[in-house]
Each structure stands twice: as C-alpha cells, then as structure tokens.
Amino acid sequence: MEELQQAVGLETSDPDGALKIYYSITKQTASSEEEEKVIEQALLSMGKLLAQKGRVEELSKLIKSIRPFLGTVSKAKASKIVRELVDTFLDMESSTGVEIPLCLECIDWAKSEKRTFLTQALEGRLILLYHSVGQYSEALATVNRVLKILKKMDDKHLLMEIQLSESKVYHTLRNIPKARAALTSARTTANSIYVPPKLQAALDMQSGILHAEEKDFKTAFSYFYEAFEGYDSIESVHALKGLKYMLLCKIMLGAPEEVQSLLTGKMGLKYSGRGIDAMQAIADAGKKRDIAIFNQTISKYEAELQKDGVIESHLKALYDTLLEKNLVRIIEPYSRVQLSHVAETIALPYEVVERKLSQIILDKKFSGILDQRSGVLIVFDASEEDQTYTYALETISHMGKVVDALFKKAQKLS
C-alpha cells in the first residue's frame, strides 16, 4: 500500500519513476484480498498514466501481459479491469492501427475463458472501433449479432451501449431515421437502470447531434450543455468536443456574439486551445458576415474543423448562408450588375458566383434573371404578391365548414 501511495505521489514530478513502481507492484503475487486490490489499483493507475503520456505500445503490452493475474481473481473483477484498461486505450484515439487487432485478441481470450459478459462488452468497443475507421458494414454486422445475444442475456446496461453505438453508425451513414430509432431505444433502456456519468454524457451528446441534424439548434444546445457538464465532471477528453458543439449551436442560431460570453471564466480558461480559437474565429466571420474571413479560418484551422464530421457538415450550411447574405448585400443597390464585378467584390471564382446566384433565383430569395450571354444579372423590383386568390380559398373553406355544421344540425332536427 505504501508503494502504491509513493507511485501516486510521483505521477506528476517523475512519471517514469511512478511507472517503475506500478510495474513492480503488478509483478507481485497476491496472497490476500487486500493485496489483490492494491495490484488492481496499480494496473488501472498505470494504464491511465500511460494514456496521459501517449505511450500506446506500452499500454497495449500491459493489457496483454495481465492475463495471468486475471486468472487468479473473480470473473467480475477480471472483466472490470479489462474493460477499464481497454476503455482507457480507446479514449486515447491514437489511430495507430493496433486498436482493432488488440480488441479482437482480447475478445478471443475472453471466449476461450468462457467469459460471456466480457466478450459482449468488448464487442461493443469493437463496434466503435469499426465505426471510427470507416468499416461500417462490419460495425452493423457486429451490432446485429450482439443485439440478438444481449436480448437473451437481459444485460440492459450493455444493451444500451450497443444501441447507442448503432445510432452513431447510422448517423455517420446519414440514415437519420434509423439513428433516431436506435437512440430512442437506448434512452428507453436507460430509463430502467443506473447510467454512469460517462455513458449519460454520451447519450446526451448523440441526442444533441441528431437534434442539430434536424436544425433544432436550441434543443441541441441544451443536450450538448448536459453532455459537456457530464464529461467535465469526470475530466474526460470529450468535454472539449461538447463545448465546441455548444459554440457551434450559437453560431448556427445566428447569435455569434454569445460565443464570447460562453467562454468567459473557468470554462474558457480550462479548455482554451486551437479548437476553441477555431470556433471563435468562425463566430467572428459569422458576426461580420464576411465570407473571406470564413474561408481563411477554414484553411487555418483545417484539422480542428474539417476532421470533425459534425462541425464540417454544419459549417457547409453556414458557408452557404453567409455566401447568400453576401451576394444579396452586394447586388441589392443594382438593377443590372455584371457577374465579374460581383465575383471580384466577393473574391470568389466567377463560376461559383454564377452557380450560387442561379440557386438563389430558383429558391425565390430575390427576383431576377441571369443573362449568361452578356454575363449580367438583371434584378427585378420586388412585387407584392396578390392575396386575392388565397383569401378566396380561405372563404370557400370557411363556408364549407358552416354548411357542414348546418347540415348536422338539420339532421338532428329531422
């Protein structure tokens, strides 16, 4: 126990020294329940420290090397240790290529040891790995196989995790109805059990993502806030993603000025970095309605903005909105304007401007025609729509209701 406390004290000042002590503890043979707990704590602390230092290979070797010790403890405790270490490994999001082989190897070991619950739990992690590398067919095949087994086993906690993973896969495949159905199933399952903060935050995050897909950014913001608080309470790396999505919602709601107010205080200081700087720059471009600043920001923060599928998809919509507003602002003073002048003013290629103006006209966002032969946009004066036809239809509809009501009363009298 003293060695364990010494290692914990050295984690900040001397990480290598702490790892050596943890390693020596894990090599000891447990002769009592108390010593088992010490070794278990040393394993988990060692795994977290290796993850913090980004030592992927060492953590992978640790997961494989603990199997002799796992054979000496109860199945429940062994499952807990393996799941926590594998979760720690996957949370690193290192993308080294060893994640799937390691997970498959752990699944084979669990099957050989006839540890059914651990096998299904690891297959749940495997689904997320397949999803992260784009192997969606394998992910869905694993989902369908595991769901059949879990419904027989009646493990609601794991069932909820698999349903949540299924929702994530379908969302990435842009099958929003099935993603929504899977999430609803996961939430229904969650209502009857205790859900740990990390998993509850993941549920809230997925709910926010799906509401954002339906352009309901107010509700999405509420879910992202809940997810952020959940991840922040357990010091998870996913808290930053939750905060970025909250800022995204404010930008998409047309309230970029509220981004700065969200980042004041501890929240902004704790999670400051390039990810937050990128969202602030996008908010600034939205506030100024400047497409040039927007494009510069996308180029400058490409890794932070375009590698996140959720942010990327919504930024495309924001780009279209900004482009429309800029084009309409430029052409408003004119009755005839050359497309080359519009393209030069907005600093975009001629073809892009021509295509976007055609779309705006077809969407009836302003009245005009494109004279492609002379390269001129002719803008028509806005004309008020004649409401006579609409009013006539409404009158006929109301009269129909009156006649129906009188007919029913006449039937009662007869």
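Right, let's walk through the structure included here.

Cut-off values and rules
Residues numbered from 1 in each chain as written. Predicted model: local features only at pLDDT ≥ 70, side-chain atom pairs only at ≥ 80, totals over all residues. Heavy atoms only, no water. Helix = DSSP H or I, 4+ residues; strand = E, 2+ residues; numbered from the N terminus. Rg over C-alpha atoms; globule rule 2.2 N^0.38 Å. Buried < 20%, exposed > 50% of the residue type's maximum accessible area, 1.4 Å probe, protein only. Areas by Shrake-Rupley, 256 points an atom, 1.4 Å probe, with all protein chains shown as cover. Lys, Arg positive; Asp, Glu negative; His and termini not counted. Charge placed at Lys NZ, Arg CZ, Asp CG, Glu CD. Axes fitted to C-alpha atoms, helices over the stretch in contact; angles between N-to-C directions. Parallel < 35°, antiparallel > 145°, perpendicular 65-115°, else oblique. Left-handed = near helix turned anticlockwise from the far one by under 90°. Contact = heavy atoms within 4.5 Å. Nonpolar A, V, L, I, M, F, W, Y, C, P; charged D, E, K, R; others polar. Phe/Tyr/Trp six-rings, centres within 6.5 Å; stacked < 30°, edge-to-face > 60°. Lys NZ or Arg CZ within 6 Å of the ring centre and 35° of its normal. Expected span 1.5 Å × (residues − 1). Patch = residues over 30% accessible without salt bridge, like charges linked within 9 Å, V, L, I, M, F, W, Y side chains within 5 Å. Salt bridge = Lys/Arg side-chain N within 4 Å of Asp/Glu carboxyl O. Arc of directions from axis to C-beta. Core = buried A, V, L, I, M, F, W, Y, C linked by side-chain atoms within 4.5 Å. Pairing = 2+ DSSP bridges.

1. A word on the overall build of the protein chain
Summing up its helical and strand segments, the protein chain has 23 helices and 3 strands in all. Against the globule reference of 22 Å for 414 residues, the protein chain gives a C-alpha radius of gyration of 29 Å, more extended than a compact globule. C-alpha extents for the protein chain along the principal axes are approximately 90 × 75 × 40 Å. Of all 414 residues assigned to the protein chain, the portion counted as buried reaches 45%. Working note: accessible area of the protein chain is about 22,900 Å², and carbon and sulfur atoms make up 53% of it. One finds the centroid of the 54 positive side-chain charges in the protein chain at a distance of 4 Å from the centroid of its 57 negative side-chain charges.

2. As for the packing of helix α10 (residues 156-172) against helix α12 (residues 197-213)
Packing of α10 against α12 leaves a shortest axis separation of 11 Å and a crossing angle of 30 degrees. Regarding the angle of α10 to α12, the classification is roughly parallel. Both α10 and α12 take part in a crossing whose hand is left-handed. On the side of α10, the interface is formed by H157, M160, E161, L164, S167, K168 and H171, while α12 contributes L199, A202, L203, Q206, I209, L210 and E213. Taken together, the residues of the contact of α10 with α12 break down into 7 nonpolar, 4 polar and 3 charged.

3. Concerning the packing of aromatic side chains
With the rule as written, the count across this model stands at 3 aromatic pairs. Here the basic side chain of K250 rests over the ring of F221, its NZ or CZ set 4.5 Å away from the ring centre.

4. Focus: helix α17 (residues 274-288)
The end-to-end C-alpha distance of α17, which contains 15 residues, comes to 21 Å, matching closely the 21 Å that a straight helix rising 1.5 Å per residue would cover. Packing partners of the buried residues in α17 comprise α14 (238-252), α15 (258-262), α18 (291-300), α19 (302-306) and α20 (309-331). R289 sits one or two positions beyond α17 and adopts a positive phi of about 55 degrees.

5. With respect to a nonpolar patch on the surface
Residues Y389, L393 and I396 make up a contiguous nonpolar surface patch of roughly 370 Å² in combined accessible area. Note that Y389 resides in helix α23 (residues 388-413). For Y389, a relative accessible area of 62% translates into the label exposed.

6. Concerning helix α21 (residues 339-346)
Of the positions making up α21, those classed as buried are L339, V342, A343 and I346. Angularly, the buried residues of α21 cover 95 degrees about the axis, an arc narrow enough to put them on a single face. For α21, the elements touching its buried residues are α18, α20, β1 (336-338), α22 (350-362), β2 (368-371) and β3 (376-379). Positive phi shows up at A347, right after α21, with a value of about 60 degrees.

7. Some words on the nonpolar core
Counting residues in each nonpolar core, the largest one holds 125 residues, and the members touching the most others are F294, L305, L315, L357 and L377. Among the elements that line this core, the one with the most residues is α20, at 10 residues. Not counting the four nearest positions on each side in its chain, L357 is found in contact with L327, I331, L339, F366, L370 and L377.

8. Focus: the pairing of β2
Where β2 meets β3, 4 bridges bridge the pair, whose relative direction is antiparallel. Residue I369 lies in a different strand from β3, and its bridge partner there is I378.

9. Considering the sheet that holds β2
Spatially, β1-β3-β2 is the arrangement adopted by the 3 strands of the open sheet, whose pairing is antiparallel. On the outer flanks of this sheet lie β1 and β2, each paired with one strand and no other. Neighbour-to-neighbour, the strand axes of the sheet open up by a mean angle of 20 degrees, direction not taken into account. Contacting β1, β2 and β3, α21 crosses the sheet at an angle of about 65 degrees to β1.

10. With respect to the pattern of salt bridges
Taken as a whole, this structure holds 14 salt bridges when the rule is applied. Measuring nitrogen to oxygen at the nearest pair gives 2.9 Å for the salt bridge that ties R187 to D204. Pair noted here: R187 is in helix α11 (residues 176-190) and D204 is in helix α12, with a separation of 17 residues, a long-range link. Residue R187 is classed as partly exposed on the basis of its relative accessible area of 24%.

11. Some points on the environment of E226
Relative to the helices and strands, E226 resides in helix α13 (residues 217-233). We classify E226 as partly exposed; its relative accessible area is 43%.

12. Thoughts on the side chain of K356
In this fold, K356 is placed in helix α22. Looking at K356, the relative accessible area reads 6%, which means it is buried. When neighbours within four sequence positions are excluded, K356 is seen to be in contact with D320, L323, E324 and L327.

13. A short note on the side chain of E324
Along the polypeptide, E324 turns up in helix α20. If we ignore the near neighbours within four places in the chain, the residues touching E324 are K356, I360 and K365.

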